[in-house]
Amino acid sequence: MKQTPLTALHRELGAKLVEFAGWEMPVSYPAGVMAEHKAAREGAALFDVSHMCQAELRGPRAAQALETLVPGGIKMLSDGKARYTYFTDPAGGILDDLIVTNTGDHLFLVLNAARRDHDLGHLRAGLAPDVEVVERTDLALIALQGPQAEAVLSPLAAEAKALSFMQSTTAEIDGAPVRISRLGYTGEDGYEISVPADAAQGLARRLLEAGAGPAGLGARDSLRLEAGLPLYGN
């Protein structure tokens, strides 16, 4: 199984590790799924979502080209804005869901782990030849979710406080360049933080020290179901 940059930290925290989409991932910690669920609803919960695929679309016609594969308006996205949308098949059925962010000079995509190979292949086959698809395997992804997420993150990155829902910006935390996006998939306020893999464990420790509680795939499932959010075709 593949491991994320936080696998050693998960073991240190006593996580129960399971296989998910070819990755060794924490399903829960000693406090249990209910406590982790409650942390996201009432405080701040930290999820390792580094197994998800982060990719960039580069080229002057990237937004126009992506609109041939998704129904969401991409060309209209202003700098720093994100959009939730879908890959569709020729009949309009959903192949997968994804987040697209306009970073100014390229599009930043977050794709589901279980559909990584399919989605990257779908992009490369369906986009114009002058649009480059770059998979960012050098990055980790941390989700900080809950009503206290802003209070936990903003002392480390003041830029986080200024973001509104579905906005994204770059910042620096402890010398590491990060992308902070105010969004998530739990039904709560929160952030997803894209960070260089070698800086991910340090950032996770800082967030845990600031009051976030570790949470695994079990709570992520229960939070998503409670909020009525889909998981691909499952």
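Just so we're clear, the structure is a prediction, and the values are computed from it rather than from any experiment. What you see as residue numbers is a count from 1 along each chain, following the sequence as written. Given that the model is predicted, a residue must reach a pLDDT of at least 70 before its local features are reported, and side-chain atom pairs must reach 80 or more before they are shown or counted; all residues, however, enter totals for whole chains, interfaces and linings. Note that the side-chain values use all heavy atoms of the structure and ignore hydrogens as well as water.

Draft legend 1. Fine view of the overall build of the protein. Helix and strand labels come from DSSP, where a helix needs a run of H or I of at least four residues and a strand needs a run of E of at least two; each type is numbered from the N terminus. Within the protein one finds eight helices and 13 strands. Each radius of gyration reported is based on C-alpha atoms, and the globular scaling rule is 2.2 Å times the count of residues to the power 0.38. Scaling as 2.2 N^0.38, a compact globule of 234 residues should have a C-alpha radius of gyration of about 17 Å, and the protein matches this with 17 Å. Only protein chains enter the accessibility calculation, which uses a 1.4 Å probe; a residue whose area is less than 20% of its type maximum is buried, one above 50% is exposed, and one in between is partly exposed. Relative to its 234 residues, the protein shows a buried fraction of 52%. Note on contacts: a residue pair is in contact if any heavy atoms of the two residues lie within 4.5 Å. Of the contacts made within the protein by residues no fewer than 6 positions apart, 60% connect residues no fewer than 24 positions apart. Carbon and sulfur atoms form 52% of the exposed surface of the protein, whose accessible area is close to 10200 Å². Surface exposure here means Shrake-Rupley accessible area, sampled with a 1.4 Å probe, where a residue is shielded only by the protein chains that are shown.

Draft legend 2. Local environment of the packing of aromatic side chains. Here the aromatic set is Phe, Tyr and Trp, taking the six-membered ring for Trp, and pairing holds for ring centres within 6.5 Å; pairs whose planes are under 30 degrees apart are stacked, those over 60 apart are edge-to-face, and all others are tilted. Going through the model one piece at a time under the given rule, you end up with two aromatic pairs. Their ring planes at 70° and their centres at 5.3 Å tell us that Tyr-84 and Tyr-86 sit as a pair that is edge-to-face. Taking relative accessible area as the criterion, Tyr-84 reaches 29% and is therefore assigned partly exposed. Seen in terms of ring centroids, Tyr-84 and Tyr-185 are 5.9 Å apart; in terms of plane orientation they differ by 40°. Their pairing is tilted. Linking Tyr-84 in strand β5 (residues 82-88) with Tyr-185 in the loop between β11 (176-181) and β12 (190-196), this pair joins segments that are 101 residues apart in sequence. Looking at Tyr-185, the relative accessible area reads 18%, which means it is buried. What links up through ring pairs into an aromatic cluster is the set Tyr-84, Tyr-86 and Tyr-185. Counting as a charge over the ring demands two things of the Lys NZ or Arg CZ atom: a distance within 6 Å of the ring centre and an angle within 35 degrees of the ring normal. In this arrangement the basic side chain of Arg-220 is found over the ring face of Phe-47, its NZ or CZ atom lying 5.5 Å from the centre.

Draft legend 3. Summary view of the sheet that holds strand β4 (residues 53-58). The five strands lie next to each other as β5-β6-β7-β4-β8, forming an open sheet whose pairing is antiparallel. Unpaired on one side and paired on the other, β5 and β8 (132-135) mark the two borders of the sheet. Neighbouring strand axes in the sheet, compared pairwise and without regard to direction, differ in orientation by 30° on average. Pairing between strands requires that DSSP locate at least two bridges from one strand to the other. As a rule, the C-alpha atoms of each element are fitted with a line to give its axis, helices using only the stretch in contact, and angles between N-to-C directions run from 0 to 180 degrees.

Draft legend 4. The side chain of Ser-50, seen in detail. With respect to the secondary-structure elements, Ser-50 resides in the loop between β3 (45-48) and β4. At 2.7 Å, the side chain of Ser-50 forms a polar contact with the side chain of Asp-48. Throughout this description, a polar contact denotes any pair of N or O atoms lying within 3.5 Å of each other; where both atoms belong to protein, one of them has to be capable of donating a hydrogen while the other can accept it, and for residues adjacent in sequence the pair is counted only when both atoms sit in side chains. There is a polar contact of 3.0 Å between the side chain of Ser-50 and the backbone nitrogen of Leu-141. With residues near it in sequence (within four places) discarded, Ser-50 still touches Thr-4, Pro-5, Trp-23, Ala-140 and Leu-141.

Draft legend 5. Molecular detail of the pairing of strand β9 (residues 139-145). Most of β9 sits out of view: seven of its seven residues are buried. Side chains of β9 alternate between two faces, with Leu-139, Leu-141, Ala-143 and Gln-145 and Ala-140, Ile-142 and Leu-144 buried alike. Pairing of β3 with β9, which is carried by four bridges, proceeds in the antiparallel orientation. Residue pairing across strands places Leu-46 opposite Leu-144, the latter belonging to β9. Of the pairings in the sheet, the one linking β9 to β12 comprises seven bridges and is antiparallel in character. Note on β12: the bridge partner recorded for Ala-143 is Glu-192.

Draft legend 6. Representation of the pairing of β3 in the model. Burial of β3 is two-sided: the residues Ala-45 and Phe-47 facing one way and the residues Leu-46 and Asp-48 facing the other way are all buried. Relative to strand β13 (residues 213-215), β3 is paired through three bridges, and the arrangement is parallel. Along β13, the bridge assignment pairs Ala-45 with Gly-213.

Draft legend 7. Molecular detail of the pattern of salt bridges. A side-chain nitrogen of Lys or Arg and a carboxyl oxygen of Asp or Glu constitute a salt bridge if their distance falls within 4 Å. Across all of its chains, the model carries 13 salt bridges by this definition. Between Glu-12 and Arg-205 there is a salt bridge, and its shortest N-O distance comes to 2.7 Å. Linking Glu-12 in helix α1 (residues 7-12) with Arg-205 in helix α7 (residues 200-209), this pair joins segments that are 193 residues apart in sequence. Here Glu-12 falls in the exposed class, since its relative accessible area comes to 53%. The salt bridge involving Glu-56 is made with Arg-58; its shortest N-O contact spans 2.9 Å. When its relative accessible area of 30% is taken as the criterion, Arg-58 is described as partly exposed. Residues joined by salt bridges that share partners form a network here, namely Glu-56, Arg-58, Arg-136 and Asp-138.

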